[in-house]
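Commentary on secondary and tertiary structure
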Amino acid sequence: MDIARTPSTPEGNPELADAAPEPKEPPVIRREDYEPFPWLVPQTALDFGLGLERTKVVARLTVERNPAAEPSATIHLNGDGLEPLEVEIDGTPTLEWSLEDGDLLLSLPGEKHEVRIVTEIDPSANSQLMGLYASGGMLCTQCEAEGFRRITFFPDRPDVLSVYTVSMRGPKDQFPILLCNGNETASGETEDGLRWADWHDPWPKPSYLFALVAGDLVAKSGTFTTMGGREVELNVWVREGDLDRTDHALESLRRAMKWDEETFGREYDLDLYNIVAVSDFNMGAMENKGLNVFNTKYVLADPETATDGDFDAVEGVIAHEYFHNWSGNRVTCRDWFQLSLKEGFTVLRDQLFSQDMQGEAVKRIEDVRVLRSVQFPEDSGPLAHPIRPDSFREISNFYTATVYNKGAEVIRMMRTMAGEERFRKGTDLYFNRHDGEAATCEDFVSAIEDGAGLDLQQFRLWYSQAGTPKVSVDLRHSGSTATLALRQVVPQTPDQSDKKPMPIPLRIALFDRETGRHGGEEVVVLDAAEGEWTFEGFDRAPVLSINRGFSAPVSIERRIEEADLVFLAAKDDDPFARYEAMQELVTGHLVAAAKGELSDDARSRARDFIGEAFGAILADEALDDQMRGELMMLPTQTYVTEQFDQADPQRVFEEREALKRTLGERFVEELRAMHDRASSVPYSLDAEARGARKVKTLALSFLAAADPADGAQRAERQYEAADNMTDRQGALMVLTGLEGPQRTRALLDFYERYRDNPLVIDKWFALQATSLHPKVIEHVKALAEHPDFTLRNPNRVRSLYMAFAGNPHGFHAADGEGYRLVTDLVLELDPINPQTAARFVPSLGRWRRIEPGRAAKMRAELERIAEAPSLSRDTYEQVTRSLG
Ligand code: B3K
Ligand code: ZN
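Thresholds, definitions, all that
Residues numbered from 1 in each chain as written. Chains lettered and ligands numbered in written order. Predicted model: local features only at pLDDT ≥ 70, side-chain atom pairs only at ≥ 80, totals over all residues. Heavy atoms only, no water. Core = buried A, V, L, I, M, F, W, Y, C linked by side-chain atoms within 4.5 Å. Buried < 20%, exposed > 50% of the residue type's maximum accessible area, 1.4 Å probe, protein only. Domains from an automatic or database assignment. Contact = heavy atoms within 4.5 Å. Pairing = 2+ DSSP bridges. Helix = DSSP H or I, 4+ residues; strand = E, 2+ residues; numbered from the N terminus. Axes fitted to C-alpha atoms, helices over the stretch in contact; angles between N-to-C directions. Donors = N, O, S within 2.8 Å, 3.2 Å for Na, K, Ca; no water. Phe/Tyr/Trp six-rings, centres within 6.5 Å; stacked < 30°, edge-to-face > 60°. Lys NZ or Arg CZ within 6 Å of the ring centre and 35° of its normal. Polar contact = N/O pair within 3.5 Å; in protein donor to acceptor, adjacent residues only side chain to side chain.

Moving on, we come to the nonpolar core. Residues Val299, Met414, Phe423, Phe444, Tyr463, Leu486 and Leu506 are the most contacted members of the largest nonpolar core, which totals 83 residues. A domain split of this core shows at least three residues from each of domain 1 (331-464) and domain 2 (470-552). Discounting residues that sit within four places of it in the chain, Phe423 has contacts with Phe264, Phe345, Leu348, Ile411, Met414, Arg415, Ala418, Ile448 and Ala452. Counting residues in each nonpolar core, the second largest holds 69 residues, with Leu46, Ile89, Trp199 and Leu217 among its members.

Encoded structure:
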């Protein structure tokens, strides 16, 4: 997949005339150029002779002309880094083939043929972790999006569906377990020490859903009986030592299966569901039909080694991959531009599931926090793209927060407008209409339109326009009438300057400021550039609560009195709106303070308002601790930075820390009492105990900001008393930001305690890379030299460098050293694992939104990447887009 790229050769330069042919710029693929594939592949038979260093693949494809496509006398089979060792057509060897950019072109004269191709691959040399690769002595695959072409030549595109039959064999001591999609039809051992197995998947599928696993694994097993009475065998496959950390994954799978039957009427369709945990994996997990492959991070969990957040993430990702069985596998995507068809919808499904499992309010707040701190910056930067992109060079770069999370928000808006019941009619119609097909986003919208009875004509703009709409709000009051005036602007984004107004559904309520109540919520849909609504019966000016539940993924701009925000933070009956009021109050202050706009008086007045609201949250006995924790959290650094045209990240960081200190000082007694109270709650996974752990570490971080010496002692006590990872990690997080012997002791202890557990050692790296410690850059440099650090394992790379790239005072160090570190990483990692390397480019791509001194340094580092003599398609695309 790596494409060599050099600067263009000056024309006519005799010295360069004989140089190697100039490498091509990776081509741009456009949505509008879609053509159906001229051939159907009803059957695919694969035979694998497995070995870590040498795997032989024999592929037999039954191909026939596609009546719905322009006929062609050749078949174009994608390949990446493959040599065709043997090619046969209808049983006869042929030399009538050619290779073009790695792809195999074969002449096919008739209507129907059998094509047989032999290839050989070296899984141990596959450091990209795409296709078939070796991980810790086992073999596994990752084919989405375009990895299957690294295994054999094939029409590696999602609209070519085929029924797969697979045979495999390999040394039985290395590969006692052999797994593939569908059901095992036969297996055994040969006298010469080989284990073999035959598998058949009855459901036609695109190649990106193919999977194979071979290794020495053990399973946590269970069953699930579907609503139709089918008993399904469930297995979670791991290495032997990890077996006692699989209960939560298996239970999460059962809960997800049940929920999808009840909520979306979707039943599982095979007798077997396998999940395999792998430690070297580029992303979270993969929904291969009947054989999900997972990053160990999203399978293994027990109280000693996983935080409450980790438990939730396991449940969420297990559910997400399971839900893909319908939204993705039974109905798949026509082409990769339609990625949000399966990803946006499946994210919405997993969010709704987790809301039902964990509580709606807190889950919604968490999802919005992710959207605003990851997707909003993407939407306002050089990499902005619509949820259905129009073009790409490398599809791996489009597995983004926009396609996933904004994609989910867009479908959630349809659900809000239709109501739950009518939305369900729409999704039923979608699944029925398109079962077994490769569909488009347009198909989805039409099905919701017809099934739910909505007019989504104008709403389709949400699929084609990038950028986060800004909605400005003005509430006037006169006599007994309140008038709400709304205006929307969809900002310009790269390649899209002329934007049209989109329908924006906003849930609103108007509160009486005396009684603290409102007369009912309603949904107003702003579908033009401007709109006005009047409300009668208000003798006093009401307080407006808007975009309740975050009903639309927009940013709200309004002038509102701080006192009204304090009112909403204390009184709003929509938990999200309550959180939002608190965030708005604090964000407004931090922005003004970081701009240097505040007099001492104004600063202390703002802090008084925030203190008043914060104090009310600490004291409110009606609140549960999980929600209290959300209300106590200060807005993220990225979200605050996002409010500036050009931010000084250091100033934002300092103001945010200063506010933390002020609140810690002002509420020292209450926070100590909270920390003590929470510390006395025994460990359990119930909501109350989880809430206690959440406010415990939050209280600790405010206390440590106010009084570092006392904070360090308290943190060390929390660390030593911890009987679970949430408390231990929380304490260590606070300690890594402080100076002193407690820090050193705890870091050493943590390492020694968990040195054999890679997922926990990832936390050890990440905590140090995200720390508030002034010497964080030196720490990161030293950690990169640590014997446990390796560029070969994506989890480890992310734990050090992704954590660091999100640490404002390290990454944005004024001398540019943070930018240099990340650039050096990208250049070193790109030849090893381009997909992971390219993921680090967007942090540098934010340069236009950062103050000019740092921006110049960020840009210079991007140029340094762009000038590298050979770059992967992944990194090349991200860097060129980021430079603009
Ligand atoms: N569909 C996969 C993601 C594949 C990413 C390929 N670069 C996991 C998921 O979204 O469920
Ligand atoms: Zn997904």
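On to the sheet that holds strand β19 (residues 231-238). Sheet strands pair via backbone hydrogen bonds, and the direction of the pair is either parallel or antiparallel. If you trace the five strands from one edge of the open sheet to the other, you get β18-β19-β20-β22-β21, paired in mixed fashion. Strands at the two margins of the open sheet, each flanked by one partner only, are β18 (218-225) and β21 (285-286). By the bridge criterion, five bridges tie strand β20 (residues 272-278) to strand β22 (residues 291-295) in an arrangement that is parallel. Looking across to β22, one finds that Val278 is bridged to Asn295. Each of β18, β19 and β20 touches helix α2 (residues 247-264); the most contacted strand, β18, lies at about 25° to it.

Summarising the metal site, the zinc ion (ligand 2) is bound by the protein donors His320 (NE2), His324 (NE2) and Glu343 (OE), whose distances to it range over 1.9 to 2.1 Å. In primary sequence terms, the donor set of the zinc ion (ligand 2) follows H-x3-H-x18-E. Of this pair, His324 sits in the loop between α3 (308-323) and β23 (332-333) while Glu343 sits in helix α4 (residues 339-358), placing them 19 residues apart in sequence. Glu343 sits in the buried class, given a relative accessible area of 1%.

Within this structure, the stated rule accounts for 38 aromatic pairs. Arranged with centres 5.7 Å apart and planes meeting at 75°, the rings of Trp259 and Phe353 form a pair that is edge-to-face. Of this pair, Trp259 sits in helix α2 while Phe353 sits in helix α4, placing them 94 residues apart in sequence. As far as burial versus exposure is concerned, Trp259 and Phe353 are alike and both buried. Both rings, one in Tyr399 and one in Tyr404, keep their centres 6.4 Å apart while their planes meet at 55°; by these two values the pair is tilted. Note on Tyr399: relative accessible area 15%, which makes it buried. Among the aromatic residues, ring-to-ring pairing joins Trp259, Phe264, Tyr268, Tyr273, Tyr322, Phe323, Trp326, Phe345, Phe353, Tyr430, Phe431 and Phe444 into one connected group. Here Arg334 stacks its cationic end above the ring of Tyr34, 3.8 Å away from the centre of that ring. Against the face of Phe644 rests Lys595, its NZ or CZ located 5.6 Å from the ring centre.

This brings us to the sheet that holds strand β13 (residues 162-171). Pairing in this open sheet of eight strands is mixed, and the strands run β7-β6-β10-β4-β3-β13-β16-β15 from one edge to the other. At either end of the open sheet lies a strand with only one pairing partner, and these are β7 (92-93) and β15 (183-189).

Along the chain, Arg349 falls in helix α4. Those residues in contact with Arg349 that sit more than four places away from it in its chain are Trp259, Asp260, Phe264, Arg266, Phe323, Trp326, Ser327 and Phe431.

All right, on to the side chain of Ser545 then. Relative to the elements of secondary structure, Ser545 occurs in strand β31 (residues 543-546). Since its relative accessible area comes to 2%, Ser545 is described here as buried. Separated by 2.7 Å, the side chains of Ser545 and Asp572 make a polar contact.

Everything listed here is a matter of geometry and, on its own, says nothing about what the molecule does.
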